[in-house]
Amino acid sequence: MRMRFLGSTSEAGACPTLYETDRGTIVVQGLQLTDAEALADLRDVLDGETAVEVPRELITEIARRVLPAPGDGPSNPANAFPSSRGTPSATG
């Protein structure tokens, strides 16, 4: 799997950061969520999964830059990788 840096709201490349993969998924880099009350609100957490917290502004800014504008087709140059065909596995 290959990833492309999308952006961060942190300085000097620290987390939280978002990446786009060549499988059509988004990877989130951030500090692991450790608050017991917040962890209790998570659903269906599988072995090997964790949760990270990112600012809402990061997600909205990246969405504005990466997602095609209405009327743009799949050839939008903002998308570095083609759309994924199917759902990727966590290990693949």
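Residues numbered from 1 in each chain as written. Predicted model: local features only at pLDDT ≥ 70, side-chain atom pairs only at ≥ 80, totals over all residues. Heavy atoms only, no water.

1. What about the packing of aromatic side chains?
Move 1: According to the stated counting rule, one finds 1 aromatic pair in the structure shown.
Move 2: On the basis of an interplanar angle of 75° and a centroid distance of 6.2 Å, the ring pair of Phe 5 and Tyr 19 is categorised as edge-to-face. Of this pair, Phe 5 sits in strand E1 (residues 3-8) while Tyr 19 is found in strand E2 (residues 17-21), placing the two residues 14 residues apart along the sequence.
Move 3: Overall, Tyr 19 belongs to the buried group, its relative accessible area being 19%. (Phe/Tyr/Trp six-rings, centres within 6.5 Å; stacked < 30°, edge-to-face > 60°. Helix = DSSP H or I, 4+ residues; strand = E, 2+ residues; numbered from the N terminus. Buried < 20%, exposed > 50% of the residue type's maximum accessible area, 1.4 Å probe, protein only.)

2. Considering the pairing of strand E3 (residues 26-29)
Move 1: Two elements, E2 and E3, share 4 bridges in a ladder whose sense is antiparallel. Among the inter-strand pairings, Tyr 19 is bridged to a residue of E3, identified as Val 27.
Move 2: The hairpin formed by E2 and E3 contains 4 residues between the paired strands, and Gly 24 there has a positive phi angle of roughly 80°. (Pairing = 2+ DSSP bridges.)

3. Comments concerning a negative patch on the surface
Move 1: Where like charges cluster on the molecular surface, the negative patch consists of Asp 35, Glu 37, Asp 41 and Glu 53.
Move 2: Along the polypeptide, Asp 41 turns up in helix H1 (residues 36-41). (Patch = residues over 30% accessible without salt bridge, like charges linked within 9 Å, V, L, I, M, F, W, Y side chains within 5 Å. Areas by Shrake-Rupley, 256 points an atom, 1.4 Å probe, with all protein chains shown as cover. Salt bridge = Lys/Arg side-chain N within 4 Å of Asp/Glu carboxyl O. Lys, Arg positive; Asp, Glu negative; His and termini not counted. Charge placed at Lys NZ, Arg CZ, Asp CG, Glu CD.)

4. A word on helix H2 (residues 56-66)
Move 1: Of all the residues in H2, the buried ones are Leu 58, Ile 62 and Val 66. Angularly, the buried residues of H2 cover 45° about the axis, an arc narrow enough to put them on a single face. What points out from H2, more than 90 degrees from its buried face, is the exposed set Arg 56, Glu 57 and Arg 64.
Move 2: In this structure, the buried side of H2 is in contact with E1 and E2. (Arc of directions from axis to C-beta. Contact = heavy atoms within 4.5 Å.)

5. Observations concerning the environment of Thr 9
Move 1: Tracing the backbone shows Thr 9 in the loop between E1 and E2.
Move 2: Spatially, the C-alpha atoms of Thr 9 and Val 54 are 9.0 Å apart, while their sequence positions differ by 45 residues.
Move 3: In contact with Thr 9, other than residues within four places in its own chain, are Pro 16, Pro 55 and Leu 58.

6. A few points about the sheet that holds E2
Move 1: On the basis of which strands lie adjacent, the open sheet formed by 3 strands has the order E1-E2-E3 and antiparallel pairing. Strand pairing shows two members of the sheet lacking a second neighbour, E1 and E3, which therefore form its edges. Going across the sheet, the axis of each strand differs from the next one's by a mean of 25°, ignoring polarity.
Move 2: The strands that H2 touches are E1 and E2; relative to E1, the one it contacts most, it runs at about 125°. (Axes fitted to C-alpha atoms, helices over the stretch in contact; angles between N-to-C directions.)

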